[in-house]
Amino acid sequence: MRILICEDSVLLREGLSRLLADAGHDIVAALPDATDLEVTVAASEPDLCILDVRLPPTGTDEGIRAALALRRDRPELPVLVLSQYVEERYASELIAGRGGALGYLLKDRVADVAEFLETVEAIGSGATIFDPEVVAQLLGRRTRDERMQRLTDRESTVLALIAEGRSNQAIARTLHVSEGSVEKHITAVFQKLDLEQDEAGNRRVLAALAHIAHGAPTQTGDPS
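Residues numbered from 1 in each chain as written. Predicted model: local features only at pLDDT ≥ 70, side-chain atom pairs only at ≥ 80, totals over all residues. Heavy atoms only, no water.

- An unreviewed UniProt entry lists the protein chain under the name LuxR family transcriptional regulator, with Microbacterium aurantiacum as the source organism.

### Here we look at the overall build of the protein chain
Item 1. Scanning the protein chain from N- to C-terminus turns up 10 helices and 6 strands.
Item 2. In the protein chain, which comprises 224 residues, the proportion classed as buried is 45%.
Item 3. Taking the intrachain contacts of the protein chain between residues at least 6 apart in sequence as the baseline, contacts between residues at least 24 apart amount to 67%.
Item 4. Summed over all atoms, the accessible surface of the protein chain reaches about 11,300 Å², with 48% contributed by carbon and sulfur. (Helix = DSSP H or I, 4+ residues; strand = E, 2+ residues; numbered from the N terminus. Buried < 20%, exposed > 50% of the residue type's maximum accessible area, 1.4 Å probe, protein only. Contact = heavy atoms within 4.5 Å. Areas by Shrake-Rupley, 256 points an atom, 1.4 Å probe, with all protein chains shown as cover.)

### Quick notes on the packing of helix α1 (residues 10–22) against helix α5 (residues 113–124)
Item 1. Running from N to C, α1 and α5 cross one another at 75°; their axes reach a closest spacing of 11 Å. By the angle between their axes, α1 is roughly perpendicular relative to α5. The segment α1 lies against α5, with L16, L19 and L20 engaging V113, F116, L117 and V120.
Item 2. The class makeup of the residues in the contact of α1 with α5 is 7 nonpolar, no polar and no charged. (Axes fitted to C-alpha atoms, helices over the stretch in contact; angles between N-to-C directions. Parallel < 35°, antiparallel > 145°, perpendicular 65-115°, else oblique. Nonpolar A, V, L, I, M, F, W, Y, C, P; charged D, E, K, R; others polar.)

### Remarks on the sheet that holds strand β1 (residues 2–6)
Item 1. Taken together, the 6 strands give an open sheet; going across it, the order is β2-β1-β3-β4-β5-β6, and neighbouring strands pair in parallel fashion. Whereas interior strands pair on both sides, the edge strands pair on one side only; in this sheet they are β2 (26–31) and β6 (128–130). Recorded for the sheet is a direction-independent mean angle of 15° between the axes of neighbouring strands.
Item 2. Pairing of strand β3 (residues 48–52) with strand β4 (residues 79–83) involves 4 bridges; the strand directions are parallel. Within β4, the residue paired with D52 across the bridge is L82. (Pairing = 2+ DSSP bridges.)

### Focus: the side chain of D131
Item 1. By the secondary structure assignment, D131 is in the loop between β6 and α6 (132–140).
Item 2. A distance of 3.2 Å separates a polar side-chain atom of D131 from the backbone nitrogen of L106.
Item 3. Among the polar contacts made by the side chain of D131, one reaches the side chain of R109 at a distance of 2.6 Å.
Item 4. Other than its neighbours up to four places away in sequence, D131 contacts Y104, L105, L106 and R109. (Polar contact = N/O pair within 3.5 Å; in protein donor to acceptor, adjacent residues only side chain to side chain.)

### Considering the environment of V86
Item 1. Looking at the element boundaries, V86 is found in the loop between β4 and α4 (88–96).
Item 2. Distance from V86 to L106, taken between C-alpha atoms, is 7.0 Å for residues 20 residues apart in sequence.
Item 3. Apart from residues lying up to four places away in sequence, V86 is in contact with Y104, L106, E133, V134 and Q137.

Here it is, written out as structure tokens:
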């Protein structure tokens, strides 16, 4: 996979470059700030961009603004954002913004090399992955969602399986139904949760977050 890194810390930038290169990836660029990011992306055509939330010159929101711009202008390009701390507002903006595959991880996660590399591969393949600490803080202040009361028992079960990260095919196997039936249930879930259709597939992530925020347990075993 062709990867572009935008990170102001020399140590982390070089460390990520070496780690990813050793794992077989091609580092097409390693930038210290977002000044030339757009031009470099256009020239190098990476398969994934990894950006720090806070970049020079102010060290505030340059990175997140660059990530949002990439997701808006290049929705087909997966973006992984790294942050030293949980930035709830930035995470919310990323979820709400348009775009494709997305990741938001705390930098501490890089220390678990195997897990980090798996996450990079997953996001590069189209997955949306948020750090558990980010999700916990995003949901910590939410109250019970009355929209969840609109769901039937089967729709709630399907949503619980979505929250576990299962694909439509896996859900169909678990419930012993066709993928077509699963798709109909998921469409109903989106409609009842007032989640409008988007090109990025973020409705699935938002539905899973709503399920977790509601305090409902994830589905384990065969619910039939």
